[in-house]
Amino acid sequence: MPDASTANLAINAERLWSNIMTTAAFGGTLKGGVRRLTLSEEDRRVRDWLVARAQASGYEVGIDRIGNIYIQRPGRDPGRAAVAMGSHLDTQPTGGKFDGILGVLAGLEVLETLDEAGIATEAPLCLVDWTNEEGARFAPGELGSEVYVGHVALETALACRDAEGVTVGEALSAIGYAGTEVPGARRFAAMVELHIEQGPLLEAENLTIGVVTAAKGQQWYNGMVSGRESHAGTTPMTLRRDALMAFAELALAAERIASAHAPDGVGTIGMAEVSPGSRNTVPGEVRFSLEFRHPDPDHFGRMRAEMRAEAERIAAARDVTVTLDPIWSMEPLSFSPDVAAAIAQAAAARGLPYREMTSGAGHDACAVASAVPTAMIFVPCKDGISHNEAESATLKDCAAGANVLLHSVLALAGVSHHD
Ligand SMILES: [Zn+2]
């Protein structure tokens, strides 16, 4: 049951909005977006802003060796593991003001709201800024949360290099965020991540809150088609081993496979490079990226198997070789039913229209979920657009999401009855 003293508690929507606009200046672009690559000077400035704000309120601030920032507000029972809230402050090269940032700033808003109302929780609350969720400067993404749960070894993560050859370890030292805490040492009882939906469903259905109960599995490949370079004028069509034409068939096969598993199934080729890239030479090689996503393990497995079979068929038919190198994958995952129930209850109690949904994107919550009971809250974003400078969400929806975050973590952490 919600505690009578907290039932009507609400975050300060204007302050949350003002913090979103203030931090958007750290890496703000002319088109109104944000360019804040992880561990850059802009990232240092937004991190310093967050830490200063936390210290001003007297919270404990911890930095771990992969640069994750932990901001902890004590509970009545210091023996209990903290309930975590968190997301990321880094952005894509042409990112927006909300992706990741909303989840961190709403967490700060929750802590400050509880201070002002003089409310103590039984378990501590901990706000986390996870390092390098975006994976834009250093691959892979979700690096801080993957290291936290032990999926990626700390030494491996610190050795990742950006395009200029700078390592994560060097970049952390350069901005003063190479902390000493051991990633994973701080235990959490639960985690709730608030995030914009980055898709069109909530807006289309006129809903305010998505209770995210599952996330799509993802399979990433680096692919290559090898044929034979030859003269564009003298090589008869029947004697060509054209890598680009074989790739074109492969691309359409990927689309066909994803469409056969729609609406949940999606498949994308985001990059392709044709070699040698001369108008007078039949292409000998195409290197490309390919990814498939699906929330159901059975469908997800079938998509991968069907793609392999198509790759073999096309290679044989066109006398080329096709390789699909699986470079990263995440199995479909279910979030914690208990944490999702706390989110749904918080939305219902505020009279906010909500639905259960599946995340098509990867998030820090997906990594953390393997070690900590976790679920997510989605709020609508305009036209479902994200990873774009035009990314937009309303004050009202951001505030609604932050209030659901507040009441979810109050339920999970327990409100003190000792007063
Ligand atoms: Zn994000």
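Up top you'll find the structure we're talking about.
Basis of the calculations
Residues numbered from 1 in each chain as written. Predicted model: local features only at pLDDT ≥ 70, side-chain atom pairs only at ≥ 80, totals over all residues. Heavy atoms only, no water. Helix = DSSP H or I, 4+ residues; strand = E, 2+ residues; numbered from the N terminus. Buried < 20%, exposed > 50% of the residue type's maximum accessible area, 1.4 Å probe, protein only. Contact = heavy atoms within 4.5 Å. Lys, Arg positive; Asp, Glu negative; His and termini not counted. Charge placed at Lys NZ, Arg CZ, Asp CG, Glu CD. Core = buried A, V, L, I, M, F, W, Y, C linked by side-chain atoms within 4.5 Å. Salt bridge = Lys/Arg side-chain N within 4 Å of Asp/Glu carboxyl O. Polar contact = N/O pair within 3.5 Å; in protein donor to acceptor, adjacent residues only side chain to side chain. Expected span 1.5 Å × (residues − 1). Donors = N, O, S within 2.8 Å, 3.2 Å for Na, K, Ca; no water. Disulfide = S-S within 2.5 Å. Axes fitted to C-alpha atoms, helices over the stretch in contact; angles between N-to-C directions. Parallel < 35°, antiparallel > 145°, perpendicular 65-115°, else oblique. Left-handed = near helix turned anticlockwise from the far one by under 90°. Nonpolar A, V, L, I, M, F, W, Y, C, P; charged D, E, K, R; others polar.

**Regarding the overall build of the chain**
Looking only at helices and strands, the chain features 12 helices and 16 strands. When its C-alpha atoms are laid out on the principal axes, the chain stretches across 90 × 45 × 40 Å. Within the span of the chain, comprising 419 residues, buried residues form 54% of the whole. A fraction of 80% describes how many contacts in the chain between residues 6 or more apart in sequence connect residues 24 or more apart. The averaged location of the 54 negative side-chain charges in the chain is 4 Å from the averaged location of its 34 positive side-chain charges.

**So, the nonpolar core**
Counting residues in each nonpolar core, the largest one holds 99 residues, and the members touching the most others are Leu16, Val168, Phe188 and Phe335. Ranked by residues supplied to this core, first place goes to helix α12 (residues 395–413) with 10 residues. Beyond its immediate chain neighbours, meaning those up to four positions away, Val168 contacts Leu39, Ile66, Phe138, Leu143, Ala157, Leu158 and Cys160.

**A look at the side chain of Glu197**
Following the sequence through the fold, Glu197 ends up in the loop between β5 (188–196) and α7 (201–204). Lacking a salt bridge, the buried Glu197 has Arg355 as its closest oppositely charged neighbour, with an N-O distance of 7.1 Å. Among the polar contacts made by the side chain of Glu197, one reaches the main-chain amide nitrogen of Leu201 at a distance of 2.9 Å. Apart from the residues lying within four places of it in its own chain, the contact partners of Glu197 are Leu202, Glu203, Met357, Phe378, Val379 and Cys381.

**So, helix α3 (residues 101–117)**
Taking 1.5 Å as the rise per residue, α3 with 17 residues should run 24 Å; its terminal C-alpha atoms sit 24 Å apart, in good agreement. Among the 17 residues of α3, 14 are classified as buried, and the element is accordingly described as predominantly covered. With its phi angle positive at about 65 degrees, Gly118 sits one or two positions after the end of α3.

**Topic: the pattern of salt bridges**
For the coordinates displayed, the defined rule picks out 23 salt bridges. In this structure, Arg241 engages Asp319 in a salt bridge whose closest nitrogen and oxygen atoms are separated by 3.4 Å. Highlighted residues: Arg241 in the loop between β8 (230–231) and α8 (243–260) and Asp319 in the loop between α9 (297–318) and β13 (321–330), separated in sequence by 78 residues. Arg241 gets classed as partly exposed once you look at its relative accessible area, which sits at 24%.

**Quick look at the coordination of the zinc ion**
Bound to the zinc ion on the protein side are His88 (NE2), Asp99 (OD) and His195 (NE2), at distances that span 2.0 to 2.2 Å. Here the donor residues of the zinc ion are spaced in sequence according to H-x10-D-x95-H. On the criterion of sequence distance, the pair formed by His88 in the loop between β3 (82–87) and α3 and Asp99 in the loop between β3 and α3 is long-range, its members being 11 residues apart. Comparing His88 with Asp99, the two get one shared label, buried.

**Observations regarding the state of the cysteines**
Every disulfide links exactly two cysteines, by a covalent bond between their sulfur atoms. Throughout the structure, instances matching the rule amount to zero disulfides. Cys126 carries a free sulfur, and the closest cysteine sulfur to it, the one in Cys366, is 19 Å from it. Overall, Cys126 belongs to the buried group, its relative accessible area being 0%. With no disulfide partner, Cys366 has as its closest neighbouring cysteine sulfur the one in Cys381, 16 Å distant. Cys366 sits in the buried class, given a relative accessible area of 6%.

**Description of α12**
Compared with the 27 Å implied by 1.5 Å per residue over 19 residues, the 27 Å span of α12 between its first and last C-alpha is a close match. One or two positions beyond α12, positive phi appears at Gly414, with a value near 85 degrees.

**Details of the packing of helix α10 (residues 337–349) against α12**
The N-to-C vectors of α10 and α12 enclose an angle of 130 degrees; their axes lie 8 Å apart at closest approach. When the interaxial angle is binned, α10 and α12 end up oblique. Viewed along their axes, α10 and α12 form a crossing whose handedness is right-handed. Residues Val339, Ala342, Ile343, Ala346 and Ala347 of α10 touch α12, and the partners they reach there are Val404, His407, Ser408 and Leu412. Along the lines of polarity and charge, the residues of the contact of α10 with α12 split into seven nonpolar, two polar and no charged.

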